[in-house]
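Observations on chain architecture
In case you want the letters, here they are:
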Amino acid sequence: MMKAINTDKAPAAIGPYSQAIHAGNLVFVSGQLPVDPATGNFAEGGIKELTRQSLTNMKNILEAEGLKMSQVVKTTVFLADMADFAEMNEVYAEFFEKPFPARSAIAIKTLPKNARVEIECIASEI
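Residues numbered from 1 in each chain as written. Predicted model: local features only at pLDDT ≥ 70, side-chain atom pairs only at ≥ 80, totals over all residues. Heavy atoms only, no water.

Under the annotation held in an unreviewed UniProt entry, the protein carries the name Putative endoribonuclease L-PSP and is attributed to Hallella bergensis DSM 17361. Recorded in UniProt for the protein, the comment headed Sequence similarities (unreviewed entry) runs: "Belongs to the RutC family." (UniProt positions renumbered as here; feature names shortened; annotations may be inferred.)

Structure below.
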(Lines give C-alpha, C1' and ligand atoms only; values in the text may rest on other atoms or scores of the structure.)
Protein backbone atom coordinates (compact mmCIF):
# COMPACT_ATOMS: atom_id res chain seq x y z
CA MET A 1 0.00 0.00 0.00
CA MET A 2 1.29 3.45 -0.93
CA LYS A 3 0.38 6.70 0.78
CA ALA A 4 1.17 10.18 -0.53
CA ILE A 5 2.73 12.62 1.93
CA ASN A 6 2.10 16.32 1.54
CA THR A 7 2.84 19.31 3.76
CA ASP A 8 2.58 23.05 3.29
CA LYS A 9 5.97 23.33 5.05
CA ALA A 10 7.64 22.31 1.79
CA PRO A 11 7.03 23.51 -1.77
CA ALA A 12 4.12 21.93 -3.58
CA ALA A 13 4.92 19.52 -6.39
CA ILE A 14 5.35 21.29 -9.73
CA GLY A 15 4.24 18.29 -11.76
CA PRO A 16 2.46 14.94 -11.55
CA TYR A 17 4.31 13.62 -8.50
CA SER A 18 4.01 13.61 -4.70
CA GLN A 19 6.28 15.37 -2.24
CA ALA A 20 6.87 11.89 -0.85
CA ILE A 21 5.46 8.37 -0.89
CA HIS A 22 5.23 6.07 2.12
CA ALA A 23 5.46 2.44 0.98
CA GLY A 24 5.90 -0.31 3.54
CA ASN A 25 8.58 0.77 6.02
CA LEU A 26 10.15 3.25 3.59
CA VAL A 27 9.49 6.87 2.74
CA PHE A 28 10.72 8.14 -0.63
CA VAL A 29 11.07 11.93 -0.68
CA SER A 30 11.05 13.53 -4.12
CA GLY A 31 13.91 15.82 -5.06
CA GLN A 32 13.67 19.04 -3.11
CA LEU A 33 14.65 22.27 -4.79
CA PRO A 34 15.76 25.16 -2.58
CA VAL A 35 12.33 26.80 -2.78
CA ASP A 36 11.03 28.62 0.28
CA PRO A 37 7.44 27.39 0.61
CA ALA A 38 6.37 30.72 2.13
CA THR A 39 7.41 32.73 -0.93
CA GLY A 40 7.59 30.19 -3.75
CA ASN A 41 11.03 31.56 -4.63
CA PHE A 42 14.52 30.18 -4.23
CA ALA A 43 16.16 30.92 -0.91
CA GLU A 44 18.37 33.97 -1.10
CA GLY A 45 22.12 33.54 -0.97
CA GLY A 46 24.70 31.14 -2.26
CA ILE A 47 24.96 27.37 -2.38
CA LYS A 48 25.04 27.09 1.43
CA GLU A 49 21.69 28.82 1.82
CA LEU A 50 20.24 26.93 -1.11
CA THR A 51 21.39 23.58 0.29
CA ARG A 52 20.00 24.49 3.72
CA GLN A 53 16.59 25.23 2.15
CA SER A 54 16.52 21.97 0.18
CA LEU A 55 17.39 19.97 3.31
CA THR A 56 14.89 21.91 5.43
CA ASN A 57 12.17 21.10 2.90
CA MET A 58 13.17 17.43 3.06
CA LYS A 59 13.19 17.50 6.87
CA ASN A 60 9.72 19.09 6.96
CA ILE A 61 8.30 16.42 4.67
CA LEU A 62 9.76 13.65 6.83
CA GLU A 63 8.42 15.30 9.99
CA ALA A 64 4.95 15.45 8.43
CA GLU A 65 5.08 11.65 8.45
CA GLY A 66 6.56 11.46 11.97
CA LEU A 67 10.12 10.70 10.81
CA LYS A 68 13.46 12.31 11.65
CA MET A 69 16.57 13.01 9.61
CA SER A 70 18.31 10.26 11.61
CA GLN A 71 16.03 7.79 9.81
CA VAL A 72 17.33 8.76 6.36
CA VAL A 73 19.22 5.81 4.88
CA LYS A 74 20.06 7.19 1.40
CA THR A 75 20.31 10.60 -0.22
CA THR A 76 21.06 11.78 -3.71
CA VAL A 77 22.41 15.29 -4.21
CA PHE A 78 22.17 16.83 -7.67
CA LEU A 79 24.44 19.82 -8.28
CA ALA A 80 24.47 22.11 -11.30
CA ASP A 81 28.18 22.68 -10.64
CA MET A 82 30.46 20.23 -8.82
CA ALA A 83 32.52 23.25 -7.73
CA ASP A 84 29.72 23.78 -5.16
CA PHE A 85 30.36 20.36 -3.57
CA ALA A 86 32.51 21.48 -0.61
CA GLU A 87 30.11 24.22 0.49
CA MET A 88 27.10 21.94 -0.01
CA ASN A 89 28.86 19.28 2.06
CA GLU A 90 29.44 21.73 4.94
CA VAL A 91 25.72 22.42 5.27
CA TYR A 92 24.77 18.79 4.61
CA ALA A 93 26.88 17.79 7.64
CA GLU A 94 24.71 20.05 9.85
CA PHE A 95 21.63 17.91 9.11
CA PHE A 96 23.06 14.42 9.68
CA GLU A 97 24.97 12.54 12.37
CA LYS A 98 26.83 9.23 12.38
CA PRO A 99 26.02 6.81 11.01
CA PHE A 100 25.58 9.05 7.99
CA PRO A 101 23.19 7.90 5.28
CA ALA A 102 24.57 6.46 2.07
CA ARG A 103 24.87 9.22 -0.52
CA SER A 104 25.44 9.89 -4.17
CA ALA A 105 26.39 13.34 -5.44
CA ILE A 106 25.93 13.98 -9.12
CA ALA A 107 26.76 16.96 -11.33
CA ILE A 108 23.90 17.48 -13.73
CA LYS A 109 23.59 19.77 -16.72
CA THR A 110 20.30 21.45 -15.78
CA LEU A 111 17.92 21.16 -12.84
CA PRO A 112 14.26 22.24 -12.80
CA LYS A 113 13.84 26.01 -12.66
CA ASN A 114 17.62 26.25 -13.24
CA ALA A 115 18.24 25.43 -9.57
CA ARG A 116 21.80 24.94 -8.35
CA VAL A 117 20.94 22.02 -6.04
CA GLU A 118 18.25 19.38 -5.58
CA ILE A 119 18.25 16.68 -2.89
CA GLU A 120 16.14 13.53 -2.55
CA CYS A 121 16.14 10.81 0.08
CA ILE A 122 14.87 7.48 1.27
CA ALA A 123 14.04 7.08 4.97
CA SER A 124 13.16 4.01 6.98
CA GLU A 125 10.69 3.70 9.84
CA ILE A 126 12.91 1.05 11.41
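A short note on the packing of aromatic side chains
Scanning the model with the defined rule gives one aromatic pair in all. With a centroid separation of 4.6 Å and an interplanar angle of 35°, the aromatic rings of Y92 and F96 are classed as tilted. Overall, the relative accessible area of 5% leaves F96 in the buried class. Of note, R103 hangs over the ring of Y92, and the distance from its end group to the ring centre comes to 4.5 Å. (Phe/Tyr/Trp six-rings, centres within 6.5 Å; stacked < 30°, edge-to-face > 60°. Buried < 20%, exposed > 50% of the residue type's maximum accessible area, 1.4 Å probe, protein only. Lys NZ or Arg CZ within 6 Å of the ring centre and 35° of its normal.)

Brief notes about helix α2 (residues 85–95)
All of the buried residues along α2 are M88, V91, Y92 and F95. All buried residues of α2 fall inside an arc of 105° around its axis, so they share one side. Turned more than 90 degrees from where α2 packs its buried face, A86 and E94 sit exposed. (Helix = DSSP H or I, 4+ residues; strand = E, 2+ residues; numbered from the N terminus. Arc of directions from axis to C-beta.)

A word on the sheet that holds strand β1 (residues 2–5)
Pairing is mixed in the open sheet, where six strands are placed in the order β1-β2-β3-β6-β4-β5. Because the sheet does not close on itself, it has two edges, and the strands there are β1 and β5 (102–107). Each neighbouring strand pair of the sheet contributes to a mean axis angle of 15°, computed without reference to strand direction. Sheet topology note: the β1/strand β2 (residues 20–23) ladder contains four bridges and is antiparallel. Note that in β2 the partner of K3 across the bridge is H22. (Pairing = 2+ DSSP bridges. Axes fitted to C-alpha atoms, helices over the stretch in contact; angles between N-to-C directions.)

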